Structure formats: structure tokens, C-alpha cells
Amino acid sequence: MTKSQASRSGLDAGIVVGTALGLMDEQGADAVSIRSIATRLDVRMNTVLWHAKTKARLRELMADAIIAKASTADLPDDPGDRVRELAHRYRRALLRHRDGASIVAGTYAAEPATLGFADALVGALLADGRDEREAVWLCWTLVYFTLGLAQEEQAFPEPGDHRLPQAVTTGPYPALARVIAHFEPAAFDERFDFGLDLLLRRER
């Protein structure tokens, strides 16, 4: 396919990525493929590949589109509050799409939205008095924590699934059995804020 042919198809990378995200929201990440996108758009697979190149590249573009929803505008003036607000916006962006956290966690997207968000978060950490290495490493830690918790939340069993408490209370796990009440309900919002408090706590 030539550039002019791709142009005449009426598609661009944004449409391809938007279609991929729509398929993911409907059917999950495993349902997204070059073929499924082409079928949804009623075009040839080569037309999709012109914009996405490979499935790995498609996932990078999807990840960046997900992170683009984490706005870096209108942030609090206080640097510490700014860090927390960015972390909350990042989490909301991940949860906005079914399997969103898995897509972002499974890519290494050096793309504009991803880099822009990282720049804003590192900038807030620097303004909060962190040294350069701490700002970078704490940025990574906040991102990994948020991704991990969001992945757990998106994969959490439906209400009424009691496999975890049954496995714990009937097995040789005395410490877990003692605290099992704190595993359910999930309390993801509270757990997220608890984790942020620990990660951002300063030594006295």
C-alpha cells in the first residue's frame, strides 16, 4: 500500500487505535488483533498495518492513548498535592478501559502522552524537594504500584466468588486466615490512598 492509498482509505492511526480500544472495551484485550480491527472497519489487514505496523506497535499506540486521558492540566499548585493528583489521574485513566492496566503494563511506550505524563510527575517530585535520582525512582515506583493495583482491580472476581477465603481458611495459612477479613471487600480506593501515603512519606 502506498501513502496515497492509505490516505484515500479514510483511515488514520487515531481511528485504528480508537477501534482497537473499542474492541477491547467490548471483548477484552485478547480480542484485539490486526484482523479484528480490519473486520470492524471493513478494510483489508494491510490497510490497518499501514498505520499500526505490528501488533506490538498497535499496543504501544493503545497504551499511549490510554495514558493521554490522564490530563496534566489544571493541577494543584502545591507540589505534593500535584504528585497525588497525578497518581489519581493515572489510575482513573487505566481503569477507564477494560484491561487498560494490562495493556499499559505490557508495553514500553516512548510516546508523547506517556512521556508528557512522566515529565509532569517527575517535575512535581522535583518541585517537592526530591533529588534527581529519587524523583525518577519514585516516579517508577508510583507507576508500578498504580499499574499493579489497577490490574488486580480489573481482574477481581465477581461478587459472590469465595475461592480466596475458602482456600485460605481450609489450608495451612494461619497468618492469612487471621487477616482474611481485610482481603474482602476489595476496598481498592482506600488501598490506593494507603499505598500513596506509604510511598510519599518522608523520613523524619
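Under an unreviewed UniProt entry, the name given to the chain is TetR/AcrR family transcriptional regulator C-terminal domain-containing protein, and the source organism is Umezawaea endophytica.

Looking now at the packing of aromatic side chains. A full pass over the atoms with the stated rule returns 3 aromatic pairs. Measuring from ring centre to ring centre gives 5.6 Å for F145 and F192, while their planes differ by 5 degrees; the resulting arrangement is stacked. Of this pair, F145 sits in helix 9 (residues 132-154) while F192 sits in helix 12 (residues 188-200), and the two are 47 residues apart along the sequence. Looking at F145, the relative accessible area reads 24%, which means it is partly exposed. Residues F156 and F188 carry aromatic rings whose centres are separated by 5.4 Å and whose planes lie at 85 degrees to one another, so their mutual orientation is edge-to-face. One end of the pair, F156, is in the loop between helix 9 and helix 10 (163-169); the other, F188, is in helix 12, and 32 residues separate them in sequence. On the basis of relative accessibility, which here comes to 8%, the residue F188 falls in the buried class. Here the basic side chain of R91 rests over the ring of F192, its NZ or CZ set 5.1 Å away from the ring centre. Between the NZ or CZ atom of R133 and the centre of the ring of W137, over which it lies, the distance is 4.3 Å.

On to the side chain of R82, then. Within the secondary structure layout, R82 lies in helix 6 (residues 79-96). Comment: no salt bridge for buried R82; closest opposite-charge side chain is D77, at 5.8 Å.

This paragraph deals with the packing of helix 6 against helix 12. In contact at an axis separation of 11 Å, helix 6 and helix 12 are set at 140 degrees when each is read in the N-to-C sense. As summarised for this structure, helix 6 and helix 12 are arranged oblique, according to the angle between their axes. The two elements helix 6 and helix 12 cross, and the hand of that crossing is right-handed. Residue-level inspection shows V83, R84, A87, H88 and R91 of helix 6 in contact with helix 12, the latter providing F188, D189, F192, D193, L196, D197 and L200. Of the residues belonging to the contact of helix 6 with helix 12, the class tally is 6 nonpolar, 1 polar and 5 charged.

To continue, consider helix 8 (residues 112-127). Taking 1.5 Å per residue, 16 residues should reach 22 Å; helix 8 reaches 22 Å between its end C-alpha atoms and fits that length. What helix 8 keeps buried is the set F117, A120, L121, A124 and L125. Summarising the axial view, the buried residues of helix 8 lie within an arc of 130 degrees, below the 170-degree limit, and thus occupy one face. Of the residues in helix 8, the exposed ones pointing more than 90 degrees away from the buried face are P112 and D119. Of the surrounding secondary structure, the elements contacted by the buried residues of helix 8 are helix 5 (55-67), helix 6 and helix 9. Once helix 8 ends, the next one or two residues include G129, with phi positive near 95 degrees.

Turning next to the pattern of salt bridges. Scanning the entire structure with this criterion turns up 12 salt bridges. Between R92 and E85 there is a salt bridge; the shortest N-O distance is 3.5 Å. The residue R163 makes a salt bridge to D161 at a minimum N-O spacing of 2.8 Å. Residue classification places D161 among the partly exposed residues on the basis of a relative accessible area of 24%. Through salt bridges with shared partners, a single network forms among R57, E60 and E111.

Turning our attention to the confidence of the model for the chain. As a general rule, the predicted coordinates of low-pLDDT regions are not to be interpreted in detail. Model confidence for the chain is summarised by a mean pLDDT of 91, while 94% of its residues fall at 70 or above. Mean pLDDT across the secondary structure elements of the chain bottoms out at helix 1 (residues 3-8), with 46, and peaks at helix 6, with 98. Counting interchain partners and residues more than four positions distant, the pLDDT-below-50 stretch residues 1-8 has 9 contacts.

Conventions we followed
Residues numbered from 1 in each chain as written. Predicted model: local features only at pLDDT ≥ 70, side-chain atom pairs only at ≥ 80, totals over all residues. Heavy atoms only, no water. Phe/Tyr/Trp six-rings, centres within 6.5 Å; stacked < 30°, edge-to-face > 60°. Helix = DSSP H or I, 4+ residues; strand = E, 2+ residues; numbered from the N terminus. Buried < 20%, exposed > 50% of the residue type's maximum accessible area, 1.4 Å probe, protein only. Lys NZ or Arg CZ within 6 Å of the ring centre and 35° of its normal. Lys, Arg positive; Asp, Glu negative; His and termini not counted. Salt bridge = Lys/Arg side-chain N within 4 Å of Asp/Glu carboxyl O. Axes fitted to C-alpha atoms, helices over the stretch in contact; angles between N-to-C directions. Parallel < 35°, antiparallel > 145°, perpendicular 65-115°, else oblique. Left-handed = near helix turned anticlockwise from the far one by under 90°. Contact = heavy atoms within 4.5 Å. Nonpolar A, V, L, I, M, F, W, Y, C, P; charged D, E, K, R; others polar. Expected span 1.5 Å × (residues − 1). Arc of directions from axis to C-beta. pLDDT = per-residue confidence, 0-100.

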